Amino acid sequence: MNRIVAKFAQLKSAGKKGLVVYIGAGDPNLQATRELALGFDHAGVDVLELGVPFSDPLADGLVNQLAAQRGLESGTTPPKLLATIATIRQDSQMPIVLYIYFNLIHRVGMEKFIADCAKAGVDGLLVLDLPPEESDNYEALMKKAGLCHIYLVAPTTPEDRMELIVKRGSGFIYYISREGVTGMQSKVASNLSTQVAKIRAHTGLPIAIGFGISNPEQARLVAQEGDACVVGSAIVNQIAEHGKSTELTAKVSAFVKSLSDAVKTI
């Protein structure tokens, strides 16, 4: 069974909520990415999203744009990242999703890229700029490889299109709780329960809620509404702050554990 599917089934069976964590791959370098991944696994992270560095990250706010820039500067490429994931798999079975722009997949060739991902130990792809209407071949190749194709739903998505999107997705649905780009916010969106109910009317897939979650209190509030919460920029910010410290993994993992503990108390 795919690790993402297995993890959410395990959480549901235990009556627990999940924590999905996003970091920029190769920030500050790929060795740090490996060490952070293993630290996060021990800290209670349920799914790890790795942002593949790209020169034009349209969905990302400043914090994650700078992480992508640092990833590019450290020489991170998709093949090098997949090699790093293969080494993570020697010590961890935590589900891993690549947060990626389609140009990087197209450059390699879709069939080859998906096969390479499966071989390295990737469990799913979240392709930011590939709409379901253009994804028939992609979905077929992903299913054949045993990978989850994860789709996004936004607050502005009309309900008829929301229905189309969620019925096409697999693994989980990523609900963007705010309009705009990624980034830390001082409070959570006020209409979460209404929006999540709309999504649940059309799918039995788990719903992970992200964009703007900055601290354990917000993570707990958001996780109450969905099946998992996604925290990215707040963690990426910690990596930016401690990137040159020998205690990078320990410090960032401690912050991540505070988020995990908050989510697991629900």
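Residues numbered from 1 in each chain as written. Predicted model: local features only at pLDDT ≥ 70, side-chain atom pairs only at ≥ 80, totals over all residues. Heavy atoms only, no water.

Is there a simple way to explain the packing of aromatic side chains in this structure?
Geometry of an aromatic ring pair is reported as the spacing of the ring centres plus the angle between the planes. Applying the stated rule across the entire model yields four aromatic pairs. Look at F54 and Y101: their rings are 5.3 Å apart centre to centre, the planes differ by 25°, and that puts the pair in the stacked class. Separated by 47 residues along the polypeptide, F54 in the loop between β2 (47–51) and α3 (62–73) and Y101 in the loop between β3 (96–100) and α5 (102–108) bring together distant segments of the chain. For F54, a relative accessible area of 13% translates into the label buried. On the accessibility criterion, Y101 (3% relative accessible area) is buried. Both rings, one in Y174 and one in F211, keep their centres 6.1 Å apart while their planes meet at 90°; by these two values the pair is edge-to-face. Placement of Y174 in strand β7 (residues 173–176) and of F211 in the loop between β8 (207–210) and α10 (216–225) is noted, with a sequence separation of 37 residues between them. (Phe/Tyr/Trp six-rings, centres within 6.5 Å; stacked < 30°, edge-to-face > 60°. Helix = DSSP H or I, 4+ residues; strand = E, 2+ residues; numbered from the N terminus. Buried < 20%, exposed > 50% of the residue type's maximum accessible area, 1.4 Å probe, protein only.)

Mind showing me how you'd approach the nonpolar core here?
Side chains that are nonpolar tend, in soluble globular proteins, to be buried together. Of all hydrophobic cores here, the largest spans 89 residues; its most connected members are F40, L98, L125 and I235. With seven residues, the top contributor of residues to this core is helix α2 (residues 30–43). Excluding its chain neighbours within four sequence positions, the residues that come into contact with L98 are L50, V52, L81, L82, I85, F113, C117, V122, G124, L125 and L126. (Core = buried A, V, L, I, M, F, W, Y, C linked by side-chain atoms within 4.5 Å. Contact = heavy atoms within 4.5 Å.)

I would appreciate a short explanation of the packing of helix α11 (residues 233–242) against helix α12 (residues 248–264) in the present structure.
For any two helices packed against each other, the geometry is given by the interaxial angle and the distance between the axes. α12 packs onto α11 with a crossing angle of 160° between their chain directions and a minimal axis gap of 9 Å. With respect to α12, the element α11 is oriented roughly antiparallel. Crossing of α11 against α12: the hand is right-handed. Of the residues in α12, those in contact with A234, I235, Q238, I239 and H242 of α11 are L248, K251, V252, F255, V256 and L259. Grouping the amino acids of the contact of α11 with α12 by side-chain chemistry returns eight nonpolar, two polar and one charged. (Axes fitted to C-alpha atoms, helices over the stretch in contact; angles between N-to-C directions. Parallel < 35°, antiparallel > 145°, perpendicular 65-115°, else oblique. Left-handed = near helix turned anticlockwise from the far one by under 90°. Nonpolar A, V, L, I, M, F, W, Y, C, P; charged D, E, K, R; others polar.)

Got a minute to help me understand the state of the cysteines in this structure?
Linking two cysteines covalently through their sulfur atoms gives a disulfide. According to the stated counting rule, one finds zero disulfides in the structure shown. Looking at C148, it has no disulfide partner, and the nearest cysteine sulfur is the one in C117, 13 Å off. Left without a disulfide partner, C229 is nearest to the cysteine sulfur of C148, which lies 19 Å away. (Disulfide = S-S within 2.5 Å.)

Please clarify how the sheet that holds strand β1 (residues 18–24) should be interpreted in this entry.
Hydrogen bonds between backbone atoms are what pair the strands of a sheet, whose relative direction is either parallel or antiparallel. Ordered in space as β5-β4-β3-β2-β1-β9-β8-β7-β6, the nine strands form an open sheet in which the pairing is parallel. Looking along the sheet, the strands with just one partner apiece sit at the ends: β5 (148–149) and β6 (151–153). (Pairing = 2+ DSSP bridges.)

Would you mind showing me how to read the pattern of salt bridges here?
Pairs can form between side chains of opposite charge whenever their charged atoms are close. Applying the stated criterion to the full structure yields 13 salt bridges. Taking the shortest distance from any N to any O, the salt bridge between E133 and R161 comes out at 2.9 Å. Here R161 lies in helix α8 (residues 159–168) and E133 lies in the loop between β4 (124–127) and α7 (136–145), a separation of 28 residues in the sequence. Here R161 falls in the partly exposed class, since its relative accessible area comes to 31%. One salt-bridge network, held together by shared partners, links R3, R89 and D123. (Salt bridge = Lys/Arg side-chain N within 4 Å of Asp/Glu carboxyl O.)

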